[in-house]
Amino acid sequence: MHTDLVAALDIGGTKIAGALVDGHGRILLRAQVATPAQEDGDTVMGAVAQVLGELTASPRWGEARAVGIGSAGPVDASAGTVSPVNVPGWRGYPLVERVRAATGGLPVSLIGDGVAITAAEHWQGAARGHDNALCMVVSTGVGGGLVLGGRLHPGPTGNAGHIGHISVDLDGDACPCGARGCVERIASGPNIARRAVERGWRPGPDGDASAAAVAAAAVAGDPVAAASFERAAQALAAGIAATATLVEIDIAVIRGGRGPDGRGEGDGGGRVAGPPSGPGAGARPSWGPGPERSPGPLGRAERRVARGPPVPVRIPPAQ
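Cut-offs used in this document
Residues numbered from 1 in each chain as written. Predicted model: local features only at pLDDT ≥ 70, side-chain atom pairs only at ≥ 80, totals over all residues. Heavy atoms only, no water. Helix = DSSP H or I, 4+ residues; strand = E, 2+ residues; numbered from the N terminus. Buried < 20%, exposed > 50% of the residue type's maximum accessible area, 1.4 Å probe, protein only. Lys, Arg positive; Asp, Glu negative; His and termini not counted. Salt bridge = Lys/Arg side-chain N within 4 Å of Asp/Glu carboxyl O. Polar contact = N/O pair within 3.5 Å; in protein donor to acceptor, adjacent residues only side chain to side chain. Contact = heavy atoms within 4.5 Å. Pairing = 2+ DSSP bridges. Axes fitted to C-alpha atoms, helices over the stretch in contact; angles between N-to-C directions. Expected span 1.5 Å × (residues − 1).

(A) Structural view of the side chain of Glu184. Residue position: Glu184 is located in helix α4 (residues 183–187). Of the side chains with opposite charge, Arg185 comes closest to the buried, unpaired Glu184, at an N-O distance of 8.3 Å. Polar contacts involving the side chain of Glu184 include one to the main-chain amide nitrogen of Val142, which spans 2.9 Å. Those residues in contact with Glu184 that sit more than four places away from it in its chain are Val85, Gly141, Val142, His162, Gly164, His165 and Asn191.

Structure, rendered in structure tokens:
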């Protein structure tokens, strides 16, 4: 097992990344391209094929025994199809079949990207040693996954724990998924930036209107930028509190950050840390010990998105 390699694909709305990974979780080779998210399905698949081409060109490709895909969702792991909300050209797209063909018939496994992150955090990351955990990513979208009773819980289709499409504002903005007021529609990087611009925030001379620029403005004291992040924190808090109520998690782990171009709505690579505040943060019933708590800046408007590892968010039980 530990002498074999696995090819990994991470498909999001900003980038498509690939890697060759050994049995200890070490990344031996990386490849990455931007996601042509607004193009047709075949064009997006062409970007996936480009990443796979870099991997298959490696002298170590012959050691690869399987391919694992973590994709923005929703996914249908049983059918091998994906329908990412932020990639409209893929609806019921047969990704497993196409990747299997591109890799010479290797076994291919598909899971939602939030569930993939959860597996990694429980194996080697911030959720290690916790039997009940919510792990989530706040990026171009908001995804998540669950560990329950010490085991990954992907659900029948691979979407269990997708906190991004929990509705936390029934009268909120319409989400592309068909609901209103979803966590993702409020707390993802592009929506943080969109809301700030709609409410009067203006980018600087460089014209950068990304979530990273809004974050910098919030840290500098801009009240509109700060309010947009505060609203995102409230939505995340409500989603985490609802999850804690339903399945009594021990810990919540949040990943997030900037893409390689420095934009705040990139996939992975940074962190958003600390205890949630605002509506929903104290909504957990008083039974049970509740998730743990650690200090951090998420409960303030000056919360940062900074390079670094994922960190736990520990929430106190209601008094």
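(B) Seen up close, the side chain of Asp22. Topologically, Asp22 is positioned in strand β2 (residues 15–22). For Asp22, a relative accessible area of 8% translates into the label buried. Only 2.9 Å separates the side chain of Asp22 from the backbone nitrogen of His24, close enough to count as a polar contact. Discounting residues that sit within four places of it in the chain, Asp22 has contacts with Asp4, Leu5 and Leu28.

(C) Quick look at the pattern of salt bridges. By the definition in use, this model includes 9 salt bridges. Across the salt bridge formed by Arg255 and Glu121, the nearest N and O atoms sit 4.0 Å from each other. With Arg255 in strand β11 (residues 251–256) and Glu121 in helix α3 (residues 113–124), this pair connects stretches of sequence that are 134 residues apart. As a salt-bridge pair, Glu198 and Arg194 come within 3.1 Å of each other at their nearest N and O atoms. Note that Glu198 and Arg194 are positioned in helix α5 (residues 189–198) at a spacing of 4 residues, about one turn of the helix.

(D) Local environment of the sheet that holds strand β3 (residues 27–34). Read from one edge of the open sheet, 5 strands run β3-β2-β1-β4-β7, paired in mixed fashion. Edge positions in the open sheet fall to β3 and β7 (108–112), since each of these has one partner strand only. Taking the axes of each pair of neighbouring strands and ignoring which way they run, one obtains an average angle of 15 degrees across the sheet. The strands touched by helix α1 (residues 41–56) within the sheet are β1 (5–11), β2 and β3, with β3 carrying the most contacts at an inclination of about 155 degrees. Helix-sheet contacts for helix α2 (residues 95–102) involve β1, β4 (64–71) and β7, and the interaxial angle to β7 is about 145 degrees.

(E) Broad picture of the environment of Pro84. Looking at the element boundaries, Pro84 is found in the loop between β6 (81–82) and α2. Linking Pro84 and Gly13, residues 71 residues apart in sequence, is a C-alpha distance of 8.1 Å. Beyond its immediate chain neighbours, meaning those up to four positions away, Pro84 contacts Ser71, Ala72, Gly73, Pro74, Trp90 and Arg91.

(F) Local environment of α1. The terminal C-alpha atoms of α1, which comprises 16 residues, lie 22 Å apart, in line with the 22 Å expected from a rise of 1.5 Å per residue. At its buried positions, α1 is contacted by β1, β2, β3 and α2. Backbone nitrogen of Asp42 and a side-chain oxygen of the N-cap are separated by 3.1 Å at the start of α1; the cap is Asp40.

Coordinates in, geometry out; function isn't part of it.
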